[in-house]
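Residue-level structure breakdown
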Amino acid sequence: MKFYISTSGIKRVTISSSAAAKGYPASASPPPVRRISSRSMLPVVLLLGIVLPFVFLRIAFQVLESATNCSSTIDCIRWRLLSGSDSSLVGDELTRALLEAKEGNKVNTEKALLEAKEGNKVNTEKVMESFDDLVREMTSKRQDIKTFAFNTKAMLSRMEHKVQRARQRESIYWHLASHGVPKGLHCLCLKLAEEYAVNAMARSRLPPPEYVSRLSDPSFHHLVLLTDNVLAASVVISSTIENSINPERLVFHIVTDKKTYTPMHAWFAINSVKPAVVEVKGLHQYDWSHEVNVRVKEMLEIHHLIWNHYYANLKEEDFKYNAQNKRYLEALSPSCLSLMNHLRIYIPELFPNLNKIVFLDDDVVIQHDISPLWELDLNGKVIGAVDNSWCGDDYCCRGRKYKDYFNFSHPIISSNFDHEHCAWLYGMNVFDLEAWRSSNITETYHQWLKINLRSGLGLWYPGVLPPTLIAFKGHVHPIDPSFHVDGLGYRSPEVQKEVLEAAAAIHFSGPAKPWLEIGSPEVRGLWDRHVNSSNKFVKKCRIMG
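What comes next is a walk through the structure. (Residues numbered from 1 in each chain as written. Predicted model: local features only at pLDDT ≥ 70, side-chain atom pairs only at ≥ 80, totals over all residues. Heavy atoms only, no water.)

**As for the overall build of the protein chain**
A count of helices and strands for the protein chain gives 20 helices and 14 strands. The 545 residues of the protein chain split such that 44% are buried. When contacts within the protein chain are restricted to residue pairs at least 6 apart in sequence, long-range pairs at least 24 apart make up 72% of them. Of the roughly 30400 Å² of accessible surface on the protein chain, 55% is carried by carbon and sulfur atoms. (Helix = DSSP H or I, 4+ residues; strand = E, 2+ residues; numbered from the N terminus. Buried < 20%, exposed > 50% of the residue type's maximum accessible area, 1.4 Å probe, protein only. Contact = heavy atoms within 4.5 Å. Areas by Shrake-Rupley, 256 points an atom, 1.4 Å probe, with all protein chains shown as cover.)

Below you can see the structure in the form of structure tokens.
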């Protein structure tokens, strides 16, 4: 049925059926025909060209995101188009799954890691070995996000455990490398011992007869070294002479063991240190009383017992990669059993004719003149040392504390000492031997060794410094910190460049001695520059320098 309305107004309405109206009545005009031009279509085509690629990418991302939650691509598209994509919901779900994995997967992860620790093969369903295994597992089994979080947590935990074990082993191997004697140093001793046997000059008297009177003359500056390292002793002496204002006033006293005596004597007999004077003595050349020999033997036996007790009670967790636990590895160093180190407590007996000396460790390099140390007034104290309790600009107990040396879980230690008390530095010290002889320092040292023996050998960690800190308590006079900077024997010495350059003595305390290849390259150059690289034996033995 069709309605026709007259153009002259709504005066009449003509209704006709479609069957009867083959044509249009005369009074009615045919409806206009609308044509779509190509010019009007161009904006539509351009708009579709811009919008359709974004729609395609949106659908593709939705399909990829929901691949693990639907069975077919069409289902995924229908699900995404109807429900929408909310990334925040996925993030919240992943967060909840990770939190659940942190707690719920803890037992399974620890069990898997325990199996790995024991050397057993770990089930890959518990812990994935790699990210590829994790992706393969997810795509093959179409796991949900919670399972993904559990597997990821287990895999990361296992990887973290492997990294910790690797760092632990690397730390142990690094410390073990510090225990050995480099091939070059061993070669140097052999060459010098041979030279001592065949060359009369290498056996010449030290010092020459005309300088013997200086050995006990108090007007000279006396320095003492207790060492069995020829190259290290040469560096200490050469650096001291080079930076001294009055090198002709320096007298060096070297005490070494019997096996190192001939190489040490040969080196300084061939390589003159003029205008300074050097004396080399072996322990076998001392004529000590029976009482002193017995006490020295007893001291060494107790130190060996402490070391053995400590070694026997070490546990695997003591070697975890942790800065606080590095003392466990350092306690196994051979220096803890070194005869030359333990004989420091007998310096007054070693030099009965001297009253004031400067003691230098063999891993020290002198950078500036240290003659003011002999003019220093110790105010009745026995030893002058850099005291780490001194506070200044960025310097306050920079070294170690008593808790790093003593076992404060033992009531004898906790009732007598403060675990936060700062330890003074050993390695460049002034000694008033006359005041030492009138004190009971050596006797106190032996008394505490016996107390430790009766207490089960667990009062302190192995080493020469713990009982020395006790024996010298109340006898230490602090000196300016610029005289002595230590800690250069560690991997990353935490010393500012300005402080390092201003220090009169830099001390390579720590496992990484400068004559070892594991030494820090940043500071080894400070030691290498004083090695006599032109010496024929140094060249033959290919010693770094």
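On we go.
**Observations concerning the packing of helix α10 (residues 290–312) against helix α16 (residues 441–454)**
Packing of α10 against α16 leaves a shortest axis separation of 10 Å and a crossing angle of 40 degrees. Taken as axis vectors, α10 and α16 run oblique relative to one another. The two elements α10 and α16 meet at a crossing, and its hand is left-handed. Residue-level contacts link R295, E298, M299, I302, H303, L305 and I306 of α10 to T442, E443, Y445, H446, L449, K450, N452 and L453 of α16. Residue composition of the contact of α10 with α16, grouped by class: seven nonpolar, four polar and four charged. (Axes fitted to C-alpha atoms, helices over the stretch in contact; angles between N-to-C directions. Parallel < 35°, antiparallel > 145°, perpendicular 65-115°, else oblique. Left-handed = near helix turned anticlockwise from the far one by under 90°. Nonpolar A, V, L, I, M, F, W, Y, C, P; charged D, E, K, R; others polar.)

**Overview of the sheet that holds strand β14 (residues 505–507)**
Spatial ordering of the open sheet is given by β7-β14-β13, a layout of three strands whose pairing is mixed. Lying at the two open borders of the sheet, with one neighbouring strand each, are β7 (364–366) and β13 (484–485). Across three bridges, the pairing between β7 and β14 is antiparallel. Within β14, the position partnered with I366 by the bridge is A505. (Pairing = 2+ DSSP bridges.)

**Looking at the packing of helix α7 (residues 183–198) against helix α9 (residues 258–270)**
When two helices pack together, their arrangement is captured by the angle between the axes and the distance separating the axes. Interhelical geometry of α7 versus α9 gives an angle of 75 degrees and a closest axis separation of 8 Å. It follows that α7 is roughly perpendicular to α9 by the angle criterion. Facing α7, whose interface residues are L188, C189, L192, A193, E195 and Y196, α9 presents Y261, T262, P263, H265, A266, W267 and I270. Looking at the contact of α7 with α9 residue by residue, the classes come out as 10 nonpolar, two polar and one charged.

**Overview of the pattern of salt bridges**
Per the counting criterion, the structure on display carries six salt bridges. Here D257 ties to K259 by a salt bridge, and the two come within 3.6 Å at their closest N and O atoms. A salt bridge links R295 to E443, with the shortest nitrogen-to-oxygen separation between them at 3.1 Å. Of the two residues, R295 sits in helix α10 while E443 sits in helix α16, which places them 148 residues apart along the sequence. For R295, a relative accessible area of 22% gives the class partly exposed. The class of E443 is partly exposed, set by a relative accessible area of 38%. Ionic contacts of the salt-bridge type, sharing partners, join the residues K401, K403 and E420 into one network. (Salt bridge = Lys/Arg side-chain N within 4 Å of Asp/Glu carboxyl O.)

**Let's talk about the state of the cysteines**
Applying the stated rule across the entire model yields one disulfide. Disulfide pairing is shown between C187 and C541; the S-S distance is 2.1 Å. A torsion of -70 degrees about the S-S bond marks the disulfide between C187 and C541 as left-handed. Of this pair, C187 sits in helix α7 while C541 sits in the segment after α20 (536–540), and the two are 354 residues apart along the sequence. (Disulfide = S-S within 2.5 Å.)

**Points about the packing of aromatic side chains**
Under the criterion given, the structure shown has 16 aromatic pairs. Their ring planes at 5 degrees and their centres at 5.4 Å tell us that W307 and Y311 sit as a pair that is stacked. With W307 and Y311 both in helix α10 and four residues apart, the pair spans about one turn of that helix. Relative to F472, the ring of F431 lies with its centre 6.2 Å away and its plane at 50 degrees, an arrangement referred to as tilted. Of the two residues, F431 sits in strand β11 (residues 428–432) while F472 sits in the loop between α17 (465–471) and β12 (476–478), which places them 41 residues apart along the sequence. Grouping residues by exposure puts F431 and F472 together as buried. Sitting above the plane of the Y286 ring, K281 keeps its charged end 4.2 Å from the centroid. It is R344 that lies over the ring of Y426; its NZ or CZ is 4.8 Å from the centre. (Phe/Tyr/Trp six-rings, centres within 6.5 Å; stacked < 30°, edge-to-face > 60°. Lys NZ or Arg CZ within 6 Å of the ring centre and 35° of its normal.)

**Examining helix α8 (residues 230–242)**
Along its 13 residues, α8 runs 18 Å from first to last C-alpha, staying within 8% of the 18 Å computed at 1.5 Å per residue. Along α8, 11 of the 13 residues are buried, which leaves the element largely enclosed by surrounding structure. Buried within α8 we find V230, L231, A232, A233, S234, V235, V236, I237, S239, T240 and I241. The distance from a side-chain oxygen at the start of α8 to the backbone nitrogen of L231 is 3.2 Å, and the residue carrying that oxygen is N229. (Expected span 1.5 Å × (residues − 1). Polar contact = N/O pair within 3.5 Å; in protein donor to acceptor, adjacent residues only side chain to side chain.)

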